[in-house]
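Descriptive analysis of the structure
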Amino acid sequence: MKYLERVFIFFTVKFLWKFKGIFHEALRRFQAVEADGVWHLYRSLDQVDNKKTRFKLFLHLLEEESHADAFVDMYEELSGEKFTKLLFERKPIGGKDDPLWKSIAFVHIGEEHATERFKYISKFHNNQYFKENIDTIVEDEMGHVDLTETLLLEVGASKEDIRKEYRSISINRWKDSFLRLLSSLYEKIANTLLSILYFAFAPFVFLQSRKKLKNYFVSLDANKIKRFER
Amino acid sequence: MKVIGFSFGYHDSSVAFIEDGKIKAVVPEERVTRQKHDPNLPINAFRDGMKYLNWTIHDVDKIVLHEDSYNKFSRVLTSSLSGFPSTRLEFVESMKSWLSEKLWAPFNVSNEINFPLEKIEYLGHHFSHSVQGFMGSGFEESAILVIDAVGDWACSGVYRGRWENGHPHVECLEEIAFPNSLGLVYSAITGFLGFSPNDNECSVMALSAFGEPNYYKEISKIIKIKEDGLYEIDTSYFHFINFYSGAVTKKFENIFGKARPFNQKINLSSFEDIKPDSEIKRYIDLACSLQLRIEEAIISLAKYTKEKTGLDNLCLTGGVSLNCVANKKLLEEGLFKNIHIPIEPGDCGTSFGCALYALGQDMELKPEELKYEAYLGLKYDTEKTIEVTEFLKSPQFNDYIMKTAKQHKYELSVEKIENLDELASTIAENLLNDQVIGLYQGNSELGPRALGNRSIIARADKKDVAHKLSFSIKKRASYRPYALSMTEEAGEKILKTNSSIKNYKWMQYSCDLKEEFYEALKYGCHIDKSTRPQVVNQHQNKLYYQILDNMRKEGHEAIINTSFNPSGYPMVEHPSHALAMFVRTDMDILILEDTIIRKEAL
């Protein structure tokens, strides 16, 4: 699996990222993922009773926040365009009654994957400025992998629980990747169908639409309270 | 009776919790998710609000949405078809998001929070804006003017609101349809000037003070003011319909030249007279001309509204009413005896407007009792965050400070002062010692302006303090001015205004400073010697008033007040957000309720 992933990263960095748009979009995505991680860490702070553990999580989130900001700088430097954030829908990990250690296990796996990926991205990429930044992030992330592992034990998870949780998270991550792939396929199909619909439908209605947009005042009365009936 | 209002879908989503005519809380999703202008269904804000108020979904009588998604969809569809054959991308992208999600908004809300669909009501987007202006204004009867970018079909609208036997009635008199939008023009030119549309409009407003209206004639051809007072936009200058082609058309570029690259330096300062180079001058003159024309269009619309309604009260709302310079001109014009601008006139505030209005149809309310203060957000326990500071001297933390935050080594000291007078005088003392202070207390304020509960404060008479604030803390452009906070007594003394000082409680109007006070407060003012004042009394914010009063006694009539947020993030909400910004920047002191956290250099 790891070998496959390395090949995938090599292909992405060496070929796909030659298209600047794809590379820049990847930077936006990295920023969004880091920021999402920070959000989860913020949310978990109040659940931690042990203050030293809380401090460790806090320090962890400070570094992650710096990484998110570093991707903003990298994007602006490398694209010459103003950074606009990808606004993720924030979803809490697991159910509301799940113990805290499950969230930390989730973060741990995420850190491990990120470290691996960033290591290879840095190895395959040619831009010195980008490599240096990524290397700094990798260095921090390696620390985070160890830290989250220690934290898991500190918040009371047993080794057996952790092992099981890792496996289930890893399976879920693969599932998610597969679903992402499916959804991008679905998107391609939707794009094609909607394009066909556009060219089939728009020629007959565009003049009418233009006429409607020429109205200076709104003719539809939207100024009342409406209600849904089942 | 409990009612919840939702606004979401385009930008700045929020949830409002109303109980028997009282606003219990309004929670913007961005504050909870740390994503500025978060447009998503505000489910995190909803959960946090419910938990804070200890409500369950079974307690809730109805839910009101700020928008009629079918109506909006018809506008999006019409507009994307009208551009045939060059709007394929717009059609495909908008249909994907509408057909997969946005069109089903009420169903999504119902499913997501397990609430019966038949108890969900909804209002049109601009109708929500109009009631957002009226509800809470305290007026028995009022004209309402909404000036926005675009909602469903309307871009601006004139309405009349009145109370009848304890029930509010808002009727529409006129709505100007898409694409005639002042808000869209301002946003498109914001993009052309190298800033983010729907976010950095304030930068354009700030830049306008440096320029001359050399493009006034050209802009007047784009924003035409008709004889009856209404305006018309020449849309051939903008890509409002095929927006994937960029904000402005070739025709616009032929007149105003190429767009400003976002990273082109603007070496202007709000407190130093620096001559801009010719390339930058072109942009600031455009900003100045745009601002001037927008002000004229707003005043003209206000005159039209006055003629149409004959009323003395005005509720002004919609995103464009965040333009405090235009609001100042409108106030000075004296067209209306009273003007009310809601605390959050943009989309975020429509959640409480529509919920209050819908509630008013079912139960009798008193307009006077609906008036609200700014602090409508949530309140958090700071204890757990303060405990973390005990460890902020460990070697790992010092490593972080030196390596990642790139600051000098320091240690934190923590002091608790329970007596409010003592706390206020300690804070004032530290301000006098040139300290920049993060002030975090109580419930967060609603809206884009920090009003003393999530604020960064500093003295306004020292250049190095202002520099530190701009470059090492806020990391923001030096041409953007800070705002000033002052007591009502100080406001009476230093502000050059004929209108009531109470208008200035929420920083919605800019105002000139009397000449003799400018030098002493110059770093909280703009280059034209105006400021965006917040005037505070004891009842609004006790601790903040005390701090301001102590400063006043020391000869400082006002202090700088800027929002407590790192660049690119929304205002801090939770105390841990405040602590994080404090340790990551050069801020000197953090106040978390009654606890003072200081940095002491090692």
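It should be emphasised that the depicted structure is a prediction, and the values quoted were computed from it without experimental measurement.

The subject of this paragraph is the domain arrangement of chain B. All names here are of chain B. Split into domains, chain B comes out as domain 1 (2-138 + 346-370), domain 2 (182-338) and domain 3 (383-601). Distance from the C-alpha centre of domain 2 to the C-alpha centre of domain 3: 30 Å. In this assembly, 20 residues from domain 2 lie in contact with 24 residues from domain 3. Buried surface at the junction of domain 2 and domain 3, summed over both partners, amounts to about 2,000 Å²; 62% is from carbon and sulfur atoms. Of all residues in domain 2, S270, F271 and L331 give up the largest surface area on contact with domain 3, accounting jointly for 36% of the area buried on that side. Inspection of the region where domain 2 meets domain 3 yields two salt bridges.

Here we take up the environment of E373 of chain B. All names here are of chain B. With respect to the helices and strands, E373 occurs in the loop between α13 (350-362) and α14 (383-388). A sequence separation of 237 residues divides E373 from G136, and the C-alpha atoms of the two residues are 9.6 Å apart. When residues no more than four places from it in sequence are discounted, the contact partners of E373 are K505, W506 and Q540.

A few words now on the pairing of strand β2 (residues 14-19) of chain B. Residues and elements named next belong to chain B. The buried fraction of β2 amounts to five of the six residues, a majority that puts the element mostly inside the structure. Where strand β1 (residues 2-7) lies against β2, six bridges are found, and the strand directions are antiparallel. Within the sheet, the bridge partner assigned to K2 lies in β2 and is E19. Following β1, the chain reverses through six residues before pairing antiparallel with β2; G9 in that reversal takes a positive phi of roughly 115 degrees.

So, on to the interface of chain B and chain A. Contacts between the two partners involve 86 residues from chain B and, on the opposite side, 62 residues from chain A. Between chain B and chain A, a total of about 6,900 Å² is buried, with carbon and sulfur atoms accounting for 60% of that surface. Three residues stand out in chain B for area buried against chain A, namely F84, F262 and K384 of chain B, and they jointly supply 11% of the buried area on that side. Inspection of the region where chain B meets chain A yields nine salt bridges. One salt bridge in this structure joins E387 of chain B and R54 of chain A, with 3.0 Å as the shortest N-O distance. Put simply, chain B and chain A have 28 residue pairs in polar contact (both at pLDDT 80 or more) between them. Class assignment for the residues of the side of chain B that touches chain A results in 39 nonpolar, 27 polar and 20 charged.

This part takes up the pairing of strand β22 (residues 589-592) of chain B. Residues and elements named next belong to chain B. Burial along β22 is two-sided: the residues I589 and I591 and L590 and L592 are all buried. The pairing of strand β14 (residues 437-440) with β22 spans four bridges and is classified as parallel. The partner of L439 across the bridge, within β22, is I591. Taken together, the four bridges between β22 and strand β23 (residues 595-601) define a ladder with antiparallel strand orientation. Residue pairing in the sheet places I591 in a bridge with I596 of β23. From the end of β22 to the start of β23, which pair antiparallel, there are two residues, and E593 there has a positive phi angle of about 55 degrees.

The next subject is the packing of aromatic side chains. Residue and element names in this part refer to chain B. All told, the structure shown has 36 aromatic pairs over all chains when counted by the stated rule. Through pairs of rings, three or more aromatic residues link up here, namely F192, Y215, F238, F240, F252, F256 and Y283. Here the basic side chain of K251 rests over the ring of Y237, its NZ or CZ set 4.7 Å away from the ring centre. In this structure, K599 is placed above the aromatic ring of F582, and the distance from its NZ or CZ to the ring centre is 4.5 Å.

Let us look at a nonpolar patch on the surface. A contiguous nonpolar patch, built from F178, L179, L181, L182, L185, I189, L193 and I196 of chain A and spanning about 820 Å² of accessible area, is present on the exposed surface. For L185 of chain A, the position within the fold is in helix α6 (residues 159-213).

This paragraph deals with helix α12 (residues 324-333) of chain B. All of the buried residues along α12 of chain B are C324, A326, N327, K328, L330 and L331 of chain B. Each element contacted by the buried residues of α12 of chain B is listed here: α8 (201-208), α11 (278-309), β11 (313-317), β12 (338-340) and β18 (511-513) of chain B.

This paragraph deals with the packing of α6 of chain A against helix α3 (residues 69-82) of chain B. Here α6 of chain A crosses α3 of chain B at 105 degrees, and the two axes come no closer than 7 Å. Classed by the angle they form, the pair α6 of chain A and α3 of chain B counts as roughly perpendicular. Every residue of α3 of chain B that contacts α6 of chain A at Y198, F201, A202, V205, F206, S209, R210, K212 and L213 of chain A is listed here: T78, S79, S80, L81 and S82 of chain B. Of the residues assigned to the contact of α6 of chain A with α3 of chain B, the class counts are seven nonpolar, five polar and two charged.

Residue and element names in this part refer to chain A. Look at helix α3 (residues 51-79) against helix α5 (residues 128-154): their axes get within 10 Å of each other, and the N-to-C directions meet at 160 degrees. One element, α3, and the other, α5, form an angle in the roughly antiparallel class. Handedness of the α3/α5 crossing: left-handed. Classifying every residue of the contact of α3 with α5 by side-chain character gives 11 nonpolar, six polar and eight charged.

A few words now on the nonpolar core. Nonpolar side chains tend toward joint burial in soluble globular proteins. Residue and element names in this part refer to chain B. Core analysis: the largest hydrophobic core is formed by 173 residues, its most contacted members being F6 and F238. If you tally residues by element for this core, the top one is α11, at 13 residues. Not counting the four nearest positions on each side in its chain, F6 is found in contact with S14, V15, L41, P42, F46, I63, V64, L65, H66, V109, I113 and S351. Grouped together as the second largest cluster of nonpolar side chains are 38 residues, F127, F139, L365 and L370 included.

About the thresholds
- Residues numbered from 1 in each chain as written.
- Chains lettered and ligands numbered in written order.
- Predicted model: local features only at pLDDT ≥ 70, side-chain atom pairs only at ≥ 80, totals over all residues.
- Heavy atoms only, no water.
- Domains from an automatic or database assignment.
- Contact = heavy atoms within 4.5 Å.
- Buried area = accessible area lost by both parts, 1.4 Å probe.
- Salt bridge = Lys/Arg side-chain N within 4 Å of Asp/Glu carboxyl O.
- Helix = DSSP H or I, 4+ residues; strand = E, 2+ residues; numbered from the N terminus.
- Buried < 20%, exposed > 50% of the residue type's maximum accessible area, 1.4 Å probe, protein only.
- Pairing = 2+ DSSP bridges.
- Polar contact = N/O pair within 3.5 Å; in protein donor to acceptor, adjacent residues only side chain to side chain.
- Nonpolar A, V, L, I, M, F, W, Y, C, P; charged D, E, K, R; others polar.
- Phe/Tyr/Trp six-rings, centres within 6.5 Å; stacked < 30°, edge-to-face > 60°.
- Lys NZ or Arg CZ within 6 Å of the ring centre and 35° of its normal.
- Patch = residues over 30% accessible without salt bridge, like charges linked within 9 Å, V, L, I, M, F, W, Y side chains within 5 Å.
- Areas by Shrake-Rupley, 256 points an atom, 1.4 Å probe, with all protein chains shown as cover.
- Axes fitted to C-alpha atoms, helices over the stretch in contact; angles between N-to-C directions.
- Parallel < 35°, antiparallel > 145°, perpendicular 65-115°, else oblique.
- Left-handed = near helix turned anticlockwise from the far one by under 90°.
- Core = buried A, V, L, I, M, F, W, Y, C linked by side-chain atoms within 4.5 Å.

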